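# Fold and contact review
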Amino acid sequence: METTRPRGHGEGSIRKRKPGLWESRGWFDGKRRSFYGAKRKEALNKLKEAQRRHEEGRLPDGKTQTVGRYLDSWLADVEPTVRPETLRSYRLNVERVKPHIGRIRLDQLKAPAVQNCYTKLLADGLSKRSVQQAGTVLHKALSDAQRLGHVGFNACDSARAPSPAKQEMRVLSADELVQLFEATASDRYHALWVVLGTTGLRLGEALGLKWSDVDLTRKSLTVRRALQRQTGRGLQFIEPKSKGSKRTVELLDLTVDALRAHRERQTFERKAALDRWHDQDLIFASPTGTPLEQGGIWKHWTAALDKAGLPHIRRHDLRHTAATLRLQAGANVKVVQELLGHSSITLTLDTYSHVTPGMQRESADALDALLSSKRGANTQRVPG
């Protein structure tokens, strides 16, 4: 084992403990702290990060701090970097786990305690999905603790969060989608159902659309924002969910027709509202031009399904319907990924794995037909 090698004044020291493990040390408020990494540079970077945080007054008390105290400081650190709704979810899940593991010293947190936490959360009445989400947030927080050198391993890695049963999506067939459109043709929200069912937009993206985002002549729209209710701030226009979510979508003729009819209806509503009209250029707005609440759409969606005589499905299943029908119509998976704004093609393939077996059969049949035709042509050219 290599001996400790001093660095410059106040920089700490670093040494190799064994193959694949380096340790860096530094002094903080009279206490020596160790940071570990698989490589020398990794251990050194953790020390430097700790020194930076200490200078900013944000370095926790190391081994004396509890899991609860660390999670509170972690929330303060991530607050500037995440969306308000994401932060709200983090806080909710932190408050769920703190009663069960919050008093344990951070460096003494082990997998059995985490596993016991999951068991108690289930006993408290939380669903498997909620406990899984709590485990995801805890894992992220402990990964950051490991990265910063507060702990040598992530206790969540060896604990097993419950796996909720995968919720089956229920998509409409092409006939059912047409049935929905025809039954709601005269309804105020008809154009919204058409947009959701043919473009695959998320509801928040559709409610954030402005007329300036749509080119009905070129038959396309661009997703530039989404509408979301945020705790303490009300309805807010936010950036799309990911980089890929900011996208341009080509429109079907029936979608263009529905939007044109909707614009005419909105013109009458604007005139009727007079000075009560709030012009925000929104495509889907209240009778006075103000943004629509996502939650308020539910009753209209249920009424539309009843009117069309269709089974009750989630609004989000219209997004799945649009993607499924595109794939069944022969669209390339990459094109569907871009249509939906998925961050990776893997996500698209995993989500719509129920469609791909049929696509594989069609692909095999098409290749079989192609090769058979070539083989027949070559046979005819062979001299007798």
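Everything numeric in this text was worked out from a predicted model, so none of it was measured.

Moving on: unusual backbone geometry. Despite not being glycine, K219 shows a phi value in the positive range, around 60°. Residue K219 is classed as partly exposed on the basis of its relative accessible area, which comes to 32%. Phi angles above zero are rare outside glycine, and D281 is one such case at about 65°. As for its placement among the helices and strands, D281 is situated in the loop between α9 (253-273) and α10 (297-308).

The subject of this paragraph is the packing of aromatic side chains. Under the defined criterion, the tally for this structure stands at three aromatic pairs. Seen in terms of ring centroids, W74 and Y90 are 5.2 Å apart; in terms of plane orientation they differ by 35°. Their pairing is tilted. One end of the pair, W74, is in helix α2 (residues 67-78); the other, Y90, is in helix α3 (residues 84-101), and 16 residues separate them in sequence. Judged by its relative accessible area of 3%, W74 is buried. Assessed through its relative accessible area of 12%, Y90 is described here as buried. Ring pairs connect the aromatic residues Y189, W193 and W301, which therefore count as one cluster. The aromatic ring of Y189 is capped on one face by R188, whose charged end is 5.5 Å from the ring centroid. Residue placement shows R263 over the ring face of W211; its charged tip is 5.6 Å from the ring centre.

This part takes up the nonpolar core. If you look at the biggest cluster of nonpolar residues, it comprises 40 residues, and the most contacted ones within it are L180, L192, W193 and F284. Those elements that place two or more of their residues in this core are α6 (174-183), α7 (190-199), α8 (203-207), α9, α10 and α11 (317-328). Looking at which element gives the most residues to this core, the answer is α7, with six residues. Beyond its immediate chain neighbours, meaning those up to four positions away, L180 contacts L172, W193, W301, A304, A308, L310 and L318.

Next up on the list: the confidence of the model for the protein chain. With 86% of its residues at a pLDDT of at least 70, the protein chain reaches an overall mean of 85. Taken element by element, the predicted model of the protein chain shows its lowest mean pLDDT in strand β1 (residues 5-6) (44) and its highest in strand β5 (residues 214-215) (96). In this model, residues 1-10 is a region of pLDDT below 50 whose contacts with residues beyond four sequence positions or in other chains number 20 contacts.

A few words on the environment of L347. In this fold, L347 is placed in helix α13 (residues 345-351). We classify L347 as partly exposed; its relative accessible area is 37%. Separated by 10 residues in sequence, L347 and Q337 place their C-alpha atoms 8.3 Å apart.

This part is about the side chain of R188. Mapping R188 onto the fold places it in the loop between α6 and α7. Other than its neighbours up to four places away in sequence, R188 contacts H262, R265, E269, A285, S286 and P287.

Once that is clear, we can look at the sheet that holds strand β6 (residues 220-222). Taken together, the three strands give an open sheet; going across it, the order is β5-β6-β9, and neighbouring strands pair in antiparallel fashion. Lying at the two open borders of the sheet, with one neighbouring strand each, are β5 and β9 (248-250). By the bridge criterion, two bridges tie β5 to β6 in an arrangement that is antiparallel. Bridge pairing links V214 to L221 in β6.

With that settled, the discussion passes to the side chain of E85. Within the secondary structure, E85 sits in helix α3. At 3.1 Å, the side chain of E85 and the side chain of R88 are in polar contact. Leave out the neighbours within four places in its chain, and E85 touches Q228, R229, Q230 and T231.

What follows deals with α7. In an α-helix, one turn spans 3.6 residues, which is why side chains three or four residues apart end up on the same side. By the criterion of burial, α7 is predominantly enclosed, with 10 of the 10 residues buried. Regarding α7, the residues found buried are H190, A191, L192, W193, V194, V195, L196, G197, T198 and T199. Of the residues one or two after α7, G200 is the one with positive phi, at around 80°.

So, how was this worked out
Residues numbered from 1 in each chain as written. Predicted model: local features only at pLDDT ≥ 70, side-chain atom pairs only at ≥ 80, totals over all residues. Heavy atoms only, no water. Buried < 20%, exposed > 50% of the residue type's maximum accessible area, 1.4 Å probe, protein only. Helix = DSSP H or I, 4+ residues; strand = E, 2+ residues; numbered from the N terminus. Phe/Tyr/Trp six-rings, centres within 6.5 Å; stacked < 30°, edge-to-face > 60°. Lys NZ or Arg CZ within 6 Å of the ring centre and 35° of its normal. Core = buried A, V, L, I, M, F, W, Y, C linked by side-chain atoms within 4.5 Å. Contact = heavy atoms within 4.5 Å. pLDDT = per-residue confidence, 0-100. Pairing = 2+ DSSP bridges. Polar contact = N/O pair within 3.5 Å; in protein donor to acceptor, adjacent residues only side chain to side chain.

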